[in-house]
Amino acid sequence: MLATALVALDATIIATASATIARELGGFDQLPWLFSTYLLAQAVSTPLFGRLADVLGRKRLMLAGVGLFFLGSVLCGVAPTMELLIAGRVLQGLGAGAVMPVSMTIAADIYTIEERAKTQGYLASVWAISAVVGPTLGGVFSEFTSWRWIFLVNVPLCALAAWMLARRYHEPSREGAREPIDYLGAALLAGGSTLLLLGLLEGGTRWAWGSPPSIAIFAVAALLLATFVLYGRRSRHPIVDLAILRRRVVGVSTAVSLLVGVVVLGLSTYVPIYAQGVLGTGPLVAGFALAAMTVGWPLSSSNAGHLYLRVGFRLTSVVGAGLALVGTALTLLLDAQSSVVAVAGACFVIGAGMGLTSVPTLIAAQSQASFTERGAVTGTNMFARSLGSAVGVAVCGAIVNARTTLGPDGTPVGPGLMAAVHLVFVLLVGVAVALVVLTSLMPRDRRDAQRRRAEQTAARAAA
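Predicted model only: the values in this text are computed from it and were never measured. (Residues numbered from 1 in each chain as written. Predicted model: local features only at pLDDT ≥ 70, side-chain atom pairs only at ≥ 80, totals over all residues. Heavy atoms only, no water.)

**Let's talk about the overall build of the chain**
Then comes step 1: For the chain, the helix and strand inventory stands at 17 helices and 2 strands.
Then comes step 2: A compact globule built from 463 residues should have a C-alpha radius of gyration of about 23 Å, and the chain, at 22 Å, falls within 12% of that.
Then comes step 3: Projected onto its principal axes, the C-alpha positions of the chain cover 65 × 45 × 45 Å.
Then comes step 4: Here the chain, with 463 residues, has 51% of them falling under the buried criterion.
Then comes step 5: Roughly 19,800 Å² of accessible area belongs to the chain as shown, and the carbon and sulfur atoms make up 67% of that amount. (Helix = DSSP H or I, 4+ residues; strand = E, 2+ residues; numbered from the N terminus. Rg over C-alpha atoms; globule rule 2.2 N^0.38 Å. Buried < 20%, exposed > 50% of the residue type's maximum accessible area, 1.4 Å probe, protein only. Areas by Shrake-Rupley, 256 points an atom, 1.4 Å probe, with all protein chains shown as cover.)

**As for the packing of aromatic side chains**
Then comes step 1: On inspection of all chains with the given rule, the structure shows 4 aromatic pairs.
Then comes step 2: Between the aromatic rings of Tyr-274 and Phe-425, the centroid separation amounts to 6.1 Å while the plane-to-plane angle is 80°, which identifies the pairing as edge-to-face. With Tyr-274 in helix H11 (residues 248-277) and Phe-425 in helix H16 (residues 417-440), this residue pair connects regions lying 151 residues apart in the sequence.
Then comes step 3: For Tyr-274, a relative accessible area of 0% puts it in the buried group.
Then comes step 4: Arg-58 extends its terminal NZ or CZ atom over the ring of Phe-371, reaching a point 4.1 Å from the ring centre. (Phe/Tyr/Trp six-rings, centres within 6.5 Å; stacked < 30°, edge-to-face > 60°. Lys NZ or Arg CZ within 6 Å of the ring centre and 35° of its normal.)

**Section: the side chain of Thr-281**
Then comes step 1: Inspection of the secondary structure assignment puts Thr-281 in the loop between H11 and helix H12 (283-311).
Then comes step 2: Of the residues examined, Thr-281 reaches a relative accessible area of 17% and is grouped as buried.
Then comes step 3: Side-chain polar atoms of Thr-281 contact the backbone oxygen of Ala-275, separated by 3.0 Å. (Polar contact = N/O pair within 3.5 Å; in protein donor to acceptor, adjacent residues only side chain to side chain.)

**Focus: the side chain of Asp-10**
Then comes step 1: Of note, Asp-10 is situated in helix H1 (residues 2-13).
Then comes step 2: Overall, the relative accessible area of 1% leaves Asp-10 in the buried class.
Then comes step 3: In this structure the side chain of Asp-10 is engaged in a polar contact, spanning 3.4 Å, whose partner is the side chain of Gln-92.

**Focus on the nonpolar core**
Then comes step 1: Counting residues in each nonpolar core, the largest one holds 55 residues, and the members touching the most others are Leu-267, Tyr-274, Val-343 and Met-354.
Then comes step 2: Listed by contribution, the elements that provide at least two residues to this core are helix H6 (113-144), H11, H12, helix H13 (313-331), helix H14 (340-367), helix H15 (374-401) and H16.
Then comes step 3: The leading source of residues in this core is H11, at 14 residues.
Then comes step 4: Listed in part, the 45 residues of the second largest apolar core include Ala-98, Val-99, Leu-189 and Ala-390. (Core = buried A, V, L, I, M, F, W, Y, C linked by side-chain atoms within 4.5 Å.)

**Section: empty space enclosed by the protein**
Then comes step 1: In total, this model carries 1 cavity of 30 Å³ or more according to the counting rule given.
Then comes step 2: In this structure, the largest cavity encloses a volume near 30 Å³.
Then comes step 3: Along its surface, the largest cavity is lined by Arg-51, Val-55, Glu-179, Pro-180, Ile-181, Asp-182, His-237, Pro-238 and Ile-239.
Then comes step 4: Within the lining of the largest cavity, the residues separate by chemical class into 5 nonpolar, 1 polar and 3 charged. (1 Å grid on protein atoms, 1.4 Å probe; cavity = no way out; pocket = protein on both sides within 12 Å on 5 of 7 lines; lining within 4 Å. Points joined across faces, edges and corners; volume = space filled by probe spheres on them. Nonpolar A, V, L, I, M, F, W, Y, C, P; charged D, E, K, R; others polar.)

**Quick look at helix H4 (residues 58-78)**
Then comes step 1: Helix length check: H4 (21 residues) gives 31 Å between terminal C-alpha atoms against 30 Å at 1.5 Å per residue, within 8%.
Then comes step 2: Taken together, the buried positions of H4 are Arg-58, Leu-61, Met-62, Gly-65, Val-66, Phe-69, Gly-72, Ser-73, Cys-76 and Gly-77. Along the long axis of H4, the arc covered by the buried residues comes to 145°, so they all point the same way. With respect to the buried face of H4, the exposed residues turned more than 90 degrees away are Arg-60 and Val-78. (Expected span 1.5 Å × (residues − 1). Arc of directions from axis to C-beta.)

**Quick notes on helix H8 (residues 154-168)**
Then comes step 1: Look at H8: 21 Å from first C-alpha to last across 15 residues, which is about the 21 Å you get at 1.5 Å a residue.
Then comes step 2: The complete set of buried residues in H8 reads Asn-154, Cys-158, Ala-161 and Leu-165. Seen end-on, H8 carries its buried residues on one side only, within an arc spanning 70°. In H8, the exposed positions that point more than 90 degrees away from the buried face belong to Arg-167 and Arg-168.

**A word on the pattern of salt bridges**
Then comes step 1: According to the stated counting rule, one finds 7 salt bridges in the structure shown.
Then comes step 2: Counted as one network, the salt bridges with shared partners bring together Arg-51, Asp-54, Arg-58, Asp-109 and Arg-374. (Salt bridge = Lys/Arg side-chain N within 4 Å of Asp/Glu carboxyl O.)

**Side note on the environment of Val-393**
Then comes step 1: For Val-393, the location among the structural elements is in helix H15.
Then comes step 2: Overall, Val-393 belongs to the partly exposed group, its relative accessible area being 25%.
Then comes step 3: Apart from the residues lying within four places of it in its own chain, the contact partners of Val-393 are Leu-265 and Thr-269. (Contact = heavy atoms within 4.5 Å.)

**With respect to the layout of surface pockets**
Then comes step 1: Computed from the structure, the second largest pocket encloses a volume of approximately 440 Å³.
Then comes step 2: Together, 18 residues line the second largest pocket, and Met-1, Ile-106, Ile-110, Leu-123 and Leu-165 are the ones closest to its centre.
Then comes step 3: Within the lining of the second largest pocket, the residues separate by chemical class into 14 nonpolar, 3 polar and 1 charged.

**Some thoughts on the packing of helix H9 (residues 183-202) against helix H10 (residues 212-234)**
Then comes step 1: Running from N to C, H9 and H10 cross one another at 150°; their axes reach a closest spacing of 8 Å. By the criterion of interaxial angle, the relationship of H9 to H10 is roughly antiparallel. Judged by the twist between their axes, the crossing of H9 over H10 is left-handed. Residue-level inspection shows Leu-184, Gly-185, Leu-188, Leu-189, Gly-191, Gly-192, Ser-193, Leu-195, Leu-196, Leu-198, Gly-199 and Leu-200 of H9 in contact with H10, the latter providing Ile-217, Phe-218, Val-220, Ala-221, Leu-224, Leu-225, Thr-227, Phe-228 and Tyr-231.
Then comes step 2: Residue classes in the contact of H9 with H10 are distributed as 15 nonpolar, 6 polar and no charged. (Axes fitted to C-alpha atoms, helices over the stretch in contact; angles between N-to-C directions. Parallel < 35°, antiparallel > 145°, perpendicular 65-115°, else oblique. Left-handed = near helix turned anticlockwise from the far one by under 90°.)

Printed below as a string of structure tokens:
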């Protein structure tokens, strides 16, 4: 939770200070790269670090991630130019790419299936708290002290997280020889993923979708990723073994994670724009409307264990996807006269559905993996969510940009904004329908859940 807090806080704390940073360091045109480079570095490194945790050990990779985050925070805090600040954000993104999958893998290692949903709920609660605390701290630091404390505050937090991990986490000893690291496969995956995500994040903004730069980026990305797939089939120890996706639970869980990324980023990007541009609220009220989703998510995920222990992973995730469908359908009722409370209510229902969908499917996938595969399964799952987020931003951005114009601050404005946002909500309903279909494809496991519950009850009676 301490290590996760580094990533969760950093994801929200910088947004309120970005304009202050640009004014002091200059380079307003480079401001989007503060966010894009971080997201790129995190997304690309997540599956790599997840697999390396299987090969080199969880503790070593977790401490490396905290160390990278520490170095990146120091560089950001003292950066005299925008270029060095962006370089620090890359280091922070790499650190986050290690912390997120490895922390979830450790939770899967040291807790039983019965305990795991509660611990995942604890991890999710860190994000809920950060969603409220982060923007507030960012505003306080930038207005009353210096924006540099947004990054320097991570220094003691990194030290505390590293000390706790070094002192309290005792990793089980590994048996047998260590597998060799597939450096070529890692390079192919990193290069192809970087270009793919870069094309999705910057397409339609820095260059047109059909422009030569866009076509070239996607073509090279496709070539590198195709080479990675072909090379991985012949490699004895691939950096990410795509064969794990053939397992029904793992494949469905990964696809669900991708769609969850589409929904979350679609809402996170366009609910505030709708609240401010159409309803006329301020940034603070718009942020709290969206924060309802981050409240519903940990509330449902922390209680998901009670449900899947009774009815199984499949039915729990179907219920969650159904809630997400109801929540996205409620967004179709929003118009220019809707209240912020109605917006927050829809976001809360969607968040509750996401918690009952994403956590049980991830735990189900982890339970189907051995100790030496669990990091790769977790990393691949989280990479799918990052990819879904990039796809969601690209598709939703294309829809909105086609019907609106960009204002001085870079946000969509104009009379067509309500119609454009409504189309985004229609898209999210379609994604939620696909979520319902995907979760229903998970193997039936209600009897297994009843058996586990009976064994747990018997064990308690014997104790």
